[in-house]
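Working through the structure, step by step
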Amino acid sequence: MNWKYLARRIGIALSTIFFVLMLTYLLFELSPLKPIDYLLNQLGLVPTQSGGLAAMRGSLLGSTLSQQQYEQIIAYLETFLPHGNPVINVLKYIYNILRGNWGVSLIYIEPVTVLIGSALPWTLFVVATANILNFFVGVYLGQLMAYNRGKKADQVLTQFITVKRAIPIYIYAAVFLMVFGFYLHVVPTAGAYGVNVKPGLNLPFLLSVLRHAAMPIFTLFFATFGGWALAMRGNVISQLGEDYVTYAEARGLPSRYIRSRYVGRNALLPLYTSLIISIGFSFAGSVFVEQTFSYPGVGSLYVNALTNSDWMVAMGVLFIIVTAIAVGMIVADLTYSLIDPRVRVG
């Protein structure tokens, strides 16, 4: 293995993570939505014309606060938020992450690691299942289209996939939720499992989990399998024009053997890198799906954090997504030579 190449790739990945986090810090810093406004509203406090804060009716604080008290509350709340040089803030943030300190959510009043740890397994289950399904179905359809290129089936599937890919994933999620959830009532509309089911390794719980995850998985699958099909179709058509295919046919080898043993394997090689990288990008796509179906994964957690300006949770989820993409690219680069001996790492 070329260790210089490995070090360069890891350096690029770390730089990418650093600059994305720094840009995110800047966006949060310049955002008009401040966590302080949300926290003050939760305390039942509203600004007064004199510059202080007044407690709303029903608030736990039953009196008007002075300017000094107002400044003390603001100063205390400001200690939870990053300010100043974004480079220094990101370095501190990464240092704290390596120490296991991801911060505390200002909205849930819980450690960020606890919130992400409880949400991440649900997202991994949905994303992994959808990726496996759309990859194998896409590869199968791609081969079917390539071997029947120019025929009616190929034309219909190509047009259908082209139109389908132009529609955003959140449109599919909204339509599927409305049709299958609210009109037909065949799938649940929220949650990861039924409220009357006891969590654990028991059949009712597992069936409830599968039933609640069915539509998020199907939505991710339906929105993305077309890309694999078109890519596989192009790769197979390209391989069918190679000399080794003509030579194999001249030797009298069966067509099915040529397709599975030679054409199919070589056509799959370029898709390997895309498969590894797509796992990281699927986290971003799950944001829309989980929010639409009220599925308790990191996507819903991220949207709630952005809506309520919960910086620490948003940064934690973003760090997970960016790291997954960066690690996926490194793994794809380093392992591609294992499946294709013609390629040398570095």
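These lines cover the structure that appears in this document, whether it is placed above or below. What you see is a predicted model, and the numbers here were worked out from it, not measured in a lab. (Residues numbered from 1 in each chain as written. Predicted model: local features only at pLDDT ≥ 70, side-chain atom pairs only at ≥ 80, totals over all residues. Heavy atoms only, no water.)

Considering the overall build of the chain
From N to C terminus, the chain includes twelve helices and three strands. Nonlocal contacts in the chain, meaning residues at least 24 apart in sequence, comprise 71% of its contacts between residues at least 6 apart. As presented, the chain carries roughly 19,300 Å² of accessible surface, and 65% of it is formed by carbon and sulfur atoms. (Helix = DSSP H or I, 4+ residues; strand = E, 2+ residues; numbered from the N terminus. Contact = heavy atoms within 4.5 Å. Areas by Shrake-Rupley, 256 points an atom, 1.4 Å probe, with all protein chains shown as cover.)

Thoughts on helix 7 (residues 169-183)
For helix 7, which comprises 15 residues, the first-to-last C-alpha distance of 20 Å matches the rise-based estimate of 21 Å (1.5 Å per residue) to within 8%. Considered for burial, the residues of helix 7 that qualify are Ile-169, Tyr-172, Ala-173, Phe-176, Leu-177 and Gly-181. Next to the buried residues of helix 7 lie helix 6 (152-165), helix 8 (203-240) and helix 10 (255-292). One or two steps after helix 7, the chain reaches His-185, where phi turns positive at roughly 55 degrees. (Expected span 1.5 Å × (residues − 1). Buried < 20%, exposed > 50% of the residue type's maximum accessible area, 1.4 Å probe, protein only.)

Describing the packing of helix 7 against helix 10
Axis separation between helix 7 and helix 10 bottoms out at 9 Å; the angle between their running directions is 20 degrees. Compared by their axis directions, helix 7 and helix 10 come out roughly parallel. Relative to helix 10, the crossing made by helix 7 is right-handed. Side by side, helix 7 and helix 10 meet where Ile-169, Tyr-170, Ala-173, Ala-174 and Leu-177 of the first sit next to Gly-285, Phe-288, Val-289 and Thr-292 of the second. Classifying every residue of the contact of helix 7 with helix 10 by side-chain character gives seven nonpolar, two polar and no charged. (Axes fitted to C-alpha atoms, helices over the stretch in contact; angles between N-to-C directions. Parallel < 35°, antiparallel > 145°, perpendicular 65-115°, else oblique. Left-handed = near helix turned anticlockwise from the far one by under 90°. Nonpolar A, V, L, I, M, F, W, Y, C, P; charged D, E, K, R; others polar.)

Things to note about the packing of aromatic side chains
Here the structure, examined in full by the defined rule, presents 20 aromatic pairs. With centroids separated by 5.7 Å and ring planes inclined at 75 degrees, the aromatic side chains of Phe-176 and Phe-222 adopt a geometry described as edge-to-face. Of the two residues, Phe-176 sits in helix 7 while Phe-222 sits in helix 8, which places them 46 residues apart along the sequence. In this structure an aromatic cluster arises from ring pairing among Phe-160, Tyr-172, Phe-176, Phe-180, Phe-218, Phe-221, Phe-222 and Phe-225. Over the aromatic face of Phe-225 sits the side chain of Lys-164, whose NZ or CZ is 4.7 Å from the ring centroid. Taking the ring centre of Tyr-147 as reference, the NZ or CZ of Arg-259 above it sits at 4.1 Å. (Phe/Tyr/Trp six-rings, centres within 6.5 Å; stacked < 30°, edge-to-face > 60°. Lys NZ or Arg CZ within 6 Å of the ring centre and 35° of its normal.)

Comments concerning a nonpolar patch on the surface
On the surface, Ile-167, Tyr-170, Ile-171, Val-175 and Phe-288 cluster together into a nonpolar patch covering about 410 Å² of accessible area. The element best represented in the nonpolar patch is helix 7, accounting for three residues. One can find Phe-288 in helix 10. (Patch = residues over 30% accessible without salt bridge, like charges linked within 9 Å, V, L, I, M, F, W, Y side chains within 5 Å. Salt bridge = Lys/Arg side-chain N within 4 Å of Asp/Glu carboxyl O.)

What to know about unusual backbone geometry
A positive phi is found at His-185, a non-glycine position, where the angle reads about 55 degrees. Among the secondary structure elements, His-185 is positioned in the loop between helix 7 and helix 8. Judged by its relative accessible area of 57%, His-185 is exposed. The residue Ser-294 is not glycine, and still its phi comes out positive at about 50 degrees. Within the fold, Ser-294 resides in the loop between helix 10 and helix 11 (298-307).

Structural notes on helix 1 (residues 3-30)
Across its 28 residues, helix 1 extends 41 Å between first and last C-alpha, which sits within 8% of the 40 Å expected from 1.5 Å per residue. Along helix 1, the residues classified as buried are Tyr-5, Leu-6, Arg-9, Ala-13, Ile-17, Phe-18, Leu-21, Met-22, Thr-24, Tyr-25 and Phe-28.

Some details on the nonpolar core
Among the nonpolar cores identified, the biggest contains 38 residues, and Leu-21, Tyr-93, Ile-116, Leu-301, Val-313, Val-317 and Phe-319 are the most heavily contacted of them. When contributions to this core are tallied by element, the ones reaching two or more residues are helix 1, helix 4 (86-98), helix 5 (112-147), helix 10, helix 11 and helix 12 (311-339). The leading source of residues in this core is helix 12, at 14 residues. Excluding residues that lie within four positions of it along the chain, Val-313 makes contacts with Ser-105, Val-112, Leu-115, Leu-301 and Ala-305. If you look at the next biggest cluster of nonpolar residues, it comprises 27 residues, including Trp-122, Met-145, Phe-205 and Phe-222. (Core = buried A, V, L, I, M, F, W, Y, C linked by side-chain atoms within 4.5 Å.)

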